[in-house]
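Structure at a glance
One letter stands for each residue in the lines below.
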Amino acid sequence: MERPYHVTVWGATGFVGKLVCEHIARDYPGKFRWAMVARNKARLEGVHQEMVKLNHKMKDVPIITADTHDQGAVDAAIKQTSVVIACAGPFAKIGTPVVDACVRLGSHYVDITGEIPWVARLIETYHDKAQQKGVKIVPCCGFDSIPSDLGCFLVASHIKGQLHRQTKEVTMMVGAAKGGVSGGTIASLVGAAFDETPEHRRAAMDPYGLLPPGAPHGPDKPDYWGIGYSKLAGKWHMPFIMQIVNTRVVRRSNFFNHYGDNFSYKELQESPGPIAAALGTLALALSFAALRFLRGLVLRLLPKPGEGPSKEMQLTGFWRARVIGLPEARAGEAAPAPVIAQLGDRRDPGYWSTARMVLEAGLTLALQEKELQATGRQQGGVLTAASALGMPLVERLRNAGFTFEIKE
Ligand SMILES: NC(=O)c1ccc[n+]([C@@H]2O[C@H](COP(=O)([O-])OP(=O)(O)OC[C@H]3O[C@@H](n4cnc5c(N)ncnc54)[C@H](OP(=O)(O)O)[C@@H]3O)[C@@H](O)[C@H]2O)c1
């Protein structure tokens, strides 16, 4: 039976949730049925009014209040929607009841978490049930980890489809970027790094921590936190902080999509030279130490939940990345040339881009079921963007203005 809404935006009063609503108000008015959900009625009404100012067609969009601590209210909201676009975090603290309701009540789900220990918990608790019921739970559909996951998918699909080979190794080189950070992200990072249970923290540190128990591992070692020069990319590099999230997600995608028997994946941040790379790495280490030992003080100085980068910062922001894939050579053959994908957006990565990416991920699930089946995507479980959404999502992101292109 058709549900009242194709999608609901969960956490519509949050920094990212509100941006998702803005994208809909601006680019998709009247194109599908949707509702805004948040816990605080007065704040939600305020956001609704802002959307009506942006586009008067938003006046008919319903608002629903539900606190995730009230499972009855959560269930009542989830029953009404085909897909949930979840933006309310920290997810480890407040996200599980929403996923639980989706699995029980048969709604698909996407979110913007980057909390790998929590994703490990979701897989443990819900993967089998969701798979049996044909429910797709797709975490990490923001800047963490859509560029990595779909960039790798694009390159590996090209190597398979055009070169008829397996993929041996993929490196994502994160290039220049401009953007800001929100209080919600800081609260979630701190929670994932310091507050999780030891066993789930261990799962997050394991490079293959999101694979099912007993699944074969590849050649990847623990994350690389040094500097170096990549001959392949022709660039100096330093560690990319979000490798701790993205590499786990990409390796789970390889488990479902099978890019290669000996597939290996890493992420690096480009740097103009060795001194800049060393200083950048030192700054990263000092930030971690400050959060570990001066947490209270540091948190007082950073944005609070609900706060984030200005509209100007979002609109003048940008990000770029290159994904470099090496095809597996056949016996006696010289190493084939690398396949390179160029990725990017002319908006800030963490907020404007993230809100658009998770929206397009949710719409792929809500509106393109047939394409997902036809392109052989996974039909249920705790999945990744590349295993659940693949090429239909790449196409939607291109249409929304993102660069996701193989460089010939
Ligand atoms: N993957 C990425 O690239 C990426 C990028 C940005 C953010 N994120 C993640 O996205 C999440 C949200 O970030 P943000 O900056 O938008 O945070 P935020 O502004 O603090 O928003 C959090 C939202 O969660 C809602 N919420 C809090 N407790 C709730 C509860 N018990 N029941 C229902 N709703 C509740 C808040 O409602 P109220 O308005 O009532 O407080 C608000 O709508 C964070 O986990 C962050 O790490 C990920």
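Note that the coordinates shown come from a computational prediction; the quantities given were computed from them, not determined experimentally.

Further remarks concern the overall build of the chain. When helices and strands are counted, the chain shows 17 helices and 14 strands. Since a compact globule built from 408 residues should have a radius of gyration of about 22 Å, the 20 Å found for the chain is in line with a globular shape. Dimensions of the chain, computed from the C-alpha atoms along their principal axes, are close to 65 × 50 × 40 Å. Taken across its 408 residues, the chain has 54% of its residues classed as buried. Taking all contacts inside the chain whose residues are at least 6 apart in sequence as the whole, residues at least 24 apart take part in 79%. Here the chain carries 47 positive and 38 negative side-chain charges, and the mean point of each set is 2 Å from the other.

Before going further, it helps to examine the packing of helix 1 (residues 15-27) against helix 2 (residues 41-54). Direction vectors running N to C along helix 1 and helix 2 enclose 25°, while the axes themselves pass 10 Å from each other. When the axes of helix 1 and helix 2 are compared, the pair comes out roughly parallel. Every pair of crossing elements has a handedness; the one defined by helix 1 and helix 2 is right-handed. On the side of helix 1, the interface is formed by Lys18, Cys21, Glu22 and Ala25, while helix 2 contributes Val47, Glu50, Met51 and Leu54. A per-class count over the contact of helix 1 with helix 2 returns five nonpolar, no polar and three charged.

Strand-to-strand pairing in sheets goes through backbone hydrogen bonds, with the strands running parallel or antiparallel. Taking strand neighbours across the sheet as the criterion, the seven strands line up as 3-2-1-4-5-6-13 in an open arrangement whose pairing is parallel. With partners counted over all chains shown, the strands left at the sheet margins are strand 3 (63-65) and strand 13 (381-382), one partner each. As defined by bridge partners, strand 5 (residues 108-111) adjoins strand 6 (residues 136-138) across two bridges and the pair is classed as parallel. Looking across to strand 6, one finds that valine 110 is bridged to valine 138. Packed on one face of the sheet, helix 1 meets strand 1 (5-10), strand 2 (34-38) and strand 4 (81-86) and runs near 145° to strand 1.

Here the focus is the UniProt feature "domain: Saccharopine dehydrogenase NADP binding" (unreviewed entry) in the chain. In the numbering used here, UniProt assigns the feature "domain: Saccharopine dehydrogenase NADP binding" (unreviewed entry) to residues 8-138. Between the first and last C-alpha atoms of residues 8-138 the distance is 15 Å; the span itself is 51% helix and 18% strand.

A word on unusual backbone geometry. In the segment running from glycine 89 into proline 90, the intervening peptide bond is cis, with an omega of 0°. Among the structural elements, proline 90 can be located in the loop between strand 4 and helix 4 (91-94). Positive phi, normally seen in glycine, also occurs at histidine 164, with a value near 55°. Mapping histidine 164 onto the fold places it in the loop between helix 7 (146-161) and strand 7 (167-178). With phi around 50°, histidine 258 is a residue other than glycine that occupies positive phi space. In this fold, histidine 258 is placed in the loop between helix 10 (243-257) and strand 10 (264-271). On the basis of relative accessible area, histidine 258 is assigned to the partly exposed category, the value being 42%.

Now for the site of the ligand. Residues in close proximity to the ligand total 32 residues, the closest being Thr13, Arg39, Arg43, Ser182 and Ser188. Between the ligand and phenylalanine 15, the relevant distance is 2.8 Å, taken from an oxygen atom to a main-chain nitrogen or oxygen of the residue. The contact in question runs from a nitrogen atom of the ligand to an N or O atom on the backbone of isoleucine 112, over 2.8 Å. Isolated, the ligand exposes 930 Å² of accessible area, and the fraction of that covered by the protein chains is 92%. Secondary structure elements with two or more residues in the shell around the ligand: helix 1, helix 4, helix 8 (183-195) and helix 14 (349-367). Grouping the constituent residues of the shell around the ligand by class yields twelve nonpolar, 15 polar and five charged. Counting residues domain by domain, the shell around the ligand receives three or more from each of domain 1 (5-143 + 356-382) and domain 2 (146-347 + 393-407).

What the rule picks out here adds up to 19 salt bridges. With a shortest N-O distance of 3.1 Å, glutamate 369 and lysine 136 are connected by a salt bridge. Of this pair, glutamate 369 sits in helix 15 (residues 369-374) while lysine 136 sits in strand 6; the two residues are 233 residues apart in sequence, bridging distant segments of the chain. Residue classification places glutamate 369 among the partly exposed residues on the basis of a relative accessible area of 29%. Salt-bridge contacts for glutamate 270 lead to arginine 322; the nearest nitrogen and oxygen are separated by 3.4 Å.

A surface patch of nonpolar side chains, amounting to about 610 Å² of accessible area, comprises Phe293, Leu294, Leu297, Leu299, Leu301 and Leu302. Looking at which element gives the most residues to the nonpolar patch, the answer is helix 12 (residues 295-301), with three residues.

Turning to the domain arrangement of the chain, a few remarks are in order. Interface size, as often reported, equals the accessible area lost upon joining of the parts. Domain boundaries assigned for the chain yield domain 1 (5-143 + 356-382) and domain 2 (146-347 + 393-407). Using only C-alpha atoms to locate each centre, domain 1 and domain 2 end up separated by 24 Å. The contact between domain 1 and domain 2 buries some 2800 Å² in all, and 67% of this surface belongs to carbon and sulfur atoms. Viewed at the interface, domain 2 and domain 1 are joined by two salt bridges.

What counts and what doesn't
- Residues numbered from 1 in each chain as written.
- Predicted model: local features only at pLDDT ≥ 70, side-chain atom pairs only at ≥ 80, totals over all residues.
- Heavy atoms only, no water.
- Helix = DSSP H or I, 4+ residues; strand = E, 2+ residues; numbered from the N terminus.
- Rg over C-alpha atoms; globule rule 2.2 N^0.38 Å.
- Buried < 20%, exposed > 50% of the residue type's maximum accessible area, 1.4 Å probe, protein only.
- Contact = heavy atoms within 4.5 Å.
- Lys, Arg positive; Asp, Glu negative; His and termini not counted.
- Charge placed at Lys NZ, Arg CZ, Asp CG, Glu CD.
- Axes fitted to C-alpha atoms, helices over the stretch in contact; angles between N-to-C directions.
- Parallel < 35°, antiparallel > 145°, perpendicular 65-115°, else oblique.
- Left-handed = near helix turned anticlockwise from the far one by under 90°.
- Nonpolar A, V, L, I, M, F, W, Y, C, P; charged D, E, K, R; others polar.
- Pairing = 2+ DSSP bridges.
- UniProt positions renumbered as here; feature names shortened; annotations may be inferred.
- Near = heavy atom within 4 Å.
- Polar contact = N/O pair within 3.5 Å; in protein donor to acceptor, adjacent residues only side chain to side chain.
- Areas by Shrake-Rupley, 256 points an atom, 1.4 Å probe, with all protein chains shown as cover.
- Domains from an automatic or database assignment.
- Salt bridge = Lys/Arg side-chain N within 4 Å of Asp/Glu carboxyl O.
- Patch = residues over 30% accessible without salt bridge, like charges linked within 9 Å, V, L, I, M, F, W, Y side chains within 5 Å.
- Buried area = accessible area lost by both parts, 1.4 Å probe.

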